[in-house]
Structures are given as C-alpha cells and as structure tokens.
Amino acid sequence: MSTAVAPARTGQVLADLIPASRVRDVALVVGGAALTGLAAQIAVPVPGSPVPVTGQTFAALLVGTSLGARRGTASLALYALAGLAGLPWFAQGTSGFSVSFGYILGMILASAAVGALARRGADRNVWRTAGAMLVGEAIIYAIGVPYLAYAADMSLSAAIAAGLTPFLLGDALKAALAMGLLPSVWKLVRR
C-alpha cells in the first residue's frame, strides 16, 4: 500500500494532503485550537489599549487557510468555547468574556473566509495570500472593534484608536510572514 501524497490541485487546502479520516479531522481541529491558544500567549501590552498585540490572529488565519473553512471554523469555535468554559488560553492566560472577545468572534468568521479562499487557491502565491490575509484581518476588525466599543463603553472612534490603529503595522508584518510561508509550503508539496 502506497502512502504517497497526491499532487495538489485547486479545491484543496494543505490539510487535504494528509490522508483523509475522522481521526485526521479531529486531530487537525484540536491542533488548530491549541495552536491558536499557544499563539495567544505571545502577547505584548499596548499602552492605552485594553487589547494586547498577540500571535492569536496570525494563528487563526493560518489555521483557516491550512485547514479550510469547515475545519478552520470548527477549530476556532472550539478555541472560543474552551476559553469561555474557563481554559486560560485567551491572550495573556485569560478566559471568559472580556472587552476583546469580539476579536475572537471575528477570528471564527475570518477563519471560514480565508479557508474558503484557500480552497480556491488563494494561498498558492504571494499576492493572493496577501489578499486573503487582508480579508481575514478586515473581518476580525469589523467584529472586534465595534464589540470593543460596546464592551468597554467607548465611542467607535476611541475603539478604533485603541483597538485598530496600534495593530496595523503588526498585522502587516504577520501578513508578510504568511505571504512567504504558505506559498513556500505549496512549492515544497509540488516537488
């Protein structure tokens, strides 16, 4: 019996290159949630903001892109539910609801979006990967910033100043890392 991986084709995400089984899918979903939880512990406080810079959004977008929309969404939903249940793996070892929980909700939707884009080949070259990451980041902020404004009882402009503006440079760097990483993995797979 051969264990060779079939060549990549459009309609696949990286996780599809692993032989299919329920065990694979469960392991990928749990692993994606764990990766996001670990990346959330890479946290740097931002002066004047209740939201730290973390590796969480980068992990969430990688999980969605690598696993696809269905498994990526399941993975980020598991991450959110486990954190709400008390597992201390949100940013800086926290759990439960906080003023930054809207970003986590945004990550679930962003994971679905970038996963769907990856299935259409958006992770195969640098510029398409950049576009997918920008879509994902936009979704995270579209949910996270208004939630921050509501939960922290601040104006929308104050929430933008505290929960969007300070993060743009870091997110550009994360997108650049993904732009190099994902297409490179596909090139290796094609060899």
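All figures in this text were calculated on a predicted structure; none of them were measured in a lab.

*Asks:* Sorry, what's going on with the packing of aromatic side chains here?
*Replies:* Between two aromatic rings, the relevant description is the distance of the centres plus the angle of the planes. Following the criterion strictly, the structure yields 6 aromatic pairs and no others. Following the ring pairs from residue to residue traces out a cluster consisting of Tyr-79, Trp-89, Phe-90, Phe-97, Phe-101 and Tyr-147. In this arrangement the basic side chain of Arg-124 is found over the ring face of Trp-186, its NZ or CZ atom lying 3.7 Å from the centre.

*Asks:* Help me understand the nonpolar core in this model?
*Replies:* What tends to happen in soluble globular proteins is that the nonpolar side chains get buried as a cluster. Leu-76, Tyr-79, Tyr-103, Ile-104, Met-107 and Met-133 are the most contacted members of the largest nonpolar core, which has 43 residues in total. Looking at this core, the elements that each hand over two or more residues are helix H1 (22-40), helix H2 (56-67), helix H3 (69-84), helix H4 (101-119), helix H5 (126-151) and helix H7 (168-190). Considering each element in turn, this core owes the most residues, 8 residues, to H4.

*Asks:* Please explain the pattern of salt bridges as it appears in this structure.
*Replies:* Opposite charge on two side chains permits them to pair, given that their charged atoms come into close proximity. A complete count under the given rule lists 6 salt bridges for this structure. Here Arg-24 ties to Asp-25 by a salt bridge, and the two come within 2.9 Å at their closest N and O atoms. For the pair Arg-24 and Asp-25, one class covers both residues: buried.

*Asks:* Help me out: how do you make sense of H7 in this one?
*Replies:* Within an α-helix, residues lying three or four positions from one another point in the same direction, as the helix has 3.6 residues per turn. Here H7 contains 23 residues, and its C-alpha end-to-end distance of 33 Å stays within 8% of the 33 Å for a straight helix at 1.5 Å per residue. Residues Asp-171, Lys-174, Ala-175, Ala-178, Met-179, Leu-182, Pro-183 and Trp-186 constitute the buried set of H7. Considering only its buried residues, H7 is in contact with strand S2 (53-54), H2 and H5.

*Asks:* Help me understand the environment of Ser-157 in this model?
*Replies:* For Ser-157, the position within the fold is in helix H6 (residues 156-163). On the basis of relative accessibility, which here comes to 53%, the residue Ser-157 falls in the exposed class. Along the backbone, Ser-157 and Val-145 are 12 residues apart, and their C-alpha atoms lie at a distance of 9.5 Å.

*Asks:* Mind showing me how you'd approach the side chain of Arg-71 here?
*Replies:* Mapped onto the elements, Arg-71 comes out in helix H3. With a relative accessible area of 4%, Arg-71 lands in the buried category. Within the structure, Arg-71 has its side chain in polar contact with the side chain of Asp-25 (distance 3.1 Å). Separated by 2.9 Å, the side chain of Arg-71 and the backbone oxygen of Leu-67 make a polar contact.

*Asks:* Would you mind going over the packing of H4 against H5 with me for this structure?
*Replies:* Running from amino to carboxyl end, H4 crosses H5 at an angle of 160°, the nearest separation of the two axes being 7 Å. By the criterion of interaxial angle, the relationship of H4 to H5 is roughly antiparallel. Once H4 is placed against H5, the crossing between them reads as right-handed. Listed contacts from H5 to Phe-101, Gly-102, Tyr-103, Leu-105, Gly-106, Met-107, Leu-109, Ala-110, Ala-113, Val-114 and Leu-117 of H4 are Ala-132, Val-135, Gly-136, Ile-139, Ile-140, Tyr-141, Ile-143, Gly-144, Val-145, Tyr-147 and Leu-148. Residue composition of the contact of H4 with H5, grouped by class: 18 nonpolar, 4 polar and no charged.

Parameters and conventions
Residues numbered from 1 in each chain as written. Predicted model: local features only at pLDDT ≥ 70, side-chain atom pairs only at ≥ 80, totals over all residues. Heavy atoms only, no water. Phe/Tyr/Trp six-rings, centres within 6.5 Å; stacked < 30°, edge-to-face > 60°. Lys NZ or Arg CZ within 6 Å of the ring centre and 35° of its normal. Core = buried A, V, L, I, M, F, W, Y, C linked by side-chain atoms within 4.5 Å. Buried < 20%, exposed > 50% of the residue type's maximum accessible area, 1.4 Å probe, protein only. Helix = DSSP H or I, 4+ residues; strand = E, 2+ residues; numbered from the N terminus. Salt bridge = Lys/Arg side-chain N within 4 Å of Asp/Glu carboxyl O. Expected span 1.5 Å × (residues − 1). Contact = heavy atoms within 4.5 Å. Polar contact = N/O pair within 3.5 Å; in protein donor to acceptor, adjacent residues only side chain to side chain. Axes fitted to C-alpha atoms, helices over the stretch in contact; angles between N-to-C directions. Parallel < 35°, antiparallel > 145°, perpendicular 65-115°, else oblique. Left-handed = near helix turned anticlockwise from the far one by under 90°. Nonpolar A, V, L, I, M, F, W, Y, C, P; charged D, E, K, R; others polar.

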